[in-house]
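Chains, contacts and geometry: an overview
Below are the chains, spelled out letter by letter.
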Amino acid sequence: QLEACIRLRKLLSIERNPPIAEIIEAGVVPRLVQFLHCFDDPMLAFEAAWAVTNVASGTSEHTRVLLDNGAVPVLVQLALHEDSNLREQSMWALGNIAGDSPRCRDLVLSYGVVPRLLPQCESCEQPRAGTSAGPSHLSSHPHVYQPPPGGGQASLVTQPLLSAAPTMQRNATWLLSNLCRGKPPPRWALVEPTVPVLVRLLQRQTDDEVLTDACWAISYLSEPPERIAPLVEAGAILPLVALLSHTMPSVQTPALRAVGNIAAGTAAQAAALIAGGALGPLQRLLSTGKKELRKEAAWMLSNLTAGDREQVAAVCAAGVVPKLLDMAAHEEYEIKKEVVYALCNACCFGSAQIACGLAQLGIVVRLCDLLELPDASLLLAVLEALEALLRAGGDGFGINPHARLVDEAGGCEKIEALQMHENPEVFEKAQALLEAFFGADEDEEDPLTAPLATAEGFSFG
């Protein structure tokens, strides 16, 4: 049986086009699941778990065959087996199954895997001196597990994992992240116990792969917004903010996603992020060479500037606005969109004093440059930002200095052209702006000759 199982596992370990469908059609899966029940023969159960792991790396149809044959409950049992290699391989198989779909994830969760898994995430187990780290036929070079970005199913297992704390923790944490991901999100009661363990991993771990998957797990748990509070209460903010400055983009990316979700929560949660020092790393990330990190950093800032006036003031005081204005002019479109939303939100949700300071930094010219954007929703945000600036510049007496800036930047002509826009919200907003701020009578003072107002006391840092 063992020899036959090894040959089958080797067939399924072919890196290109493994014969998963053929193995299933041959009716072998029920036999593999039967071998998983051989608790007293860990070598046979290990080979069967390895083969099952590779079957689960195929399509959803392949994974469904494993479910139909009862693989999940026995794999959950094996996650507590005394043989560490078998435990680890079982976790990998469960990770592949859970990563297939929310339905598979929920099935794995329903068998109570989380309480069995959490001790493995924090274990410090090492092979004892003078003993083998695993069965004698295994390679002496452990396979380094590389999960896909953001979780999901893994690739085939082509080499065994020798049990030592790093690989055990990597597999356990990766499985944990797959149990937390997916929409609709998992039932909170089933994943809530993971929160303190994940936070401790962020605080104490130095392994990049463990940190990456722990950050992804927390980013999944922070959606929807009503689930943010337990993460904040568990102390997730400070370690997440610290990881924004990690040297590895693979760690920074999920950490940034998690803090971005927290920034979209309540005003108190966003304030806690700011108090935790998030704005400094965010400013540095705006200049990173990684496009995705620049985009995510701008997205998070747009969440913060969509908050209350105190949040907007804190973002502006951090000195990020000049960089955002430069990015709005020169970044590629997908990043520019997030930057523009961050700037527009600052105009709309900040105080009149903030708006005047933004105008002094040149935001009016930049927004006027954006009045020919193809995205109607983004164009509407720009028009609303201009409206906020124009209202802040008008005190009811004399000439509005911000209206003069719009006119000098060619904004009036562009706004007039938007009265022909196909989107009704855009042309109505354009028409309203012209009527409210540029419908001056002939005897009114020429805005081109009016003096510029100042915003004394306003500072971005």
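Residues numbered from 1 in each chain as written. Predicted model: local features only at pLDDT ≥ 70, side-chain atom pairs only at ≥ 80, totals over all residues. Heavy atoms only, no water.

1. What to know about the confidence of the model for the chain
Taken residue by residue, the chain gives an average pLDDT of 86. The fraction at 70 or more is 85%. Overall, residues 124-150 carries pLDDT values under 50, and its contacts beyond four positions in sequence, including any with other chains, amount to 54 contacts. Predicted confidence for residues 157-164 stays below pLDDT 50, and this span has 42 contacts to residues more than four positions away or in other chains. (pLDDT = per-residue confidence, 0-100. Contact = heavy atoms within 4.5 Å.)

2. Comments concerning helix H20 (residues 309-317)
For H20, the set of buried residues is Gln311, Val312, Val315 and Cys316. Summarising the axial view, the buried residues of H20 lie within an arc of 135°, below the 170-degree limit, and thus occupy one face. Opposite the buried face of H20, by more than 90 degrees, sit the exposed residues Arg309 and Glu310. Those residues of H20 that are buried lie in contact with helix H17 (267-275), helix H18 (279-285), helix H19 (291-305), helix H21 (321-330), helix H22 (333-349) and helix H23 (352-360). Positive phi appears at glycine 319, one or two residues downstream of H20, with a value of about 80°. (Buried < 20%, exposed > 50% of the residue type's maximum accessible area, 1.4 Å probe, protein only. Helix = DSSP H or I, 4+ residues; strand = E, 2+ residues; numbered from the N terminus. Arc of directions from axis to C-beta.)

3. A short note on the packing of helix H1 (residues 2-12) against helix H4 (residues 42-55)
Two elements in contact, H1 and H4, have axes separated by 9 Å at closest approach and are oriented at 25°. Taken as axis vectors, H1 and H4 run roughly parallel relative to one another. Two packed elements cross with a definite hand, and for H1 against H4 that hand is left-handed. Facing H1, whose interface residues are Leu2, Cys5, Ile6, Arg9 and Leu12, H4 presents Met43, Leu44, Glu47, Ala48, Trp50, Ala51, Asn54 and Val55. (Axes fitted to C-alpha atoms, helices over the stretch in contact; angles between N-to-C directions. Parallel < 35°, antiparallel > 145°, perpendicular 65-115°, else oblique. Left-handed = near helix turned anticlockwise from the far one by under 90°.)

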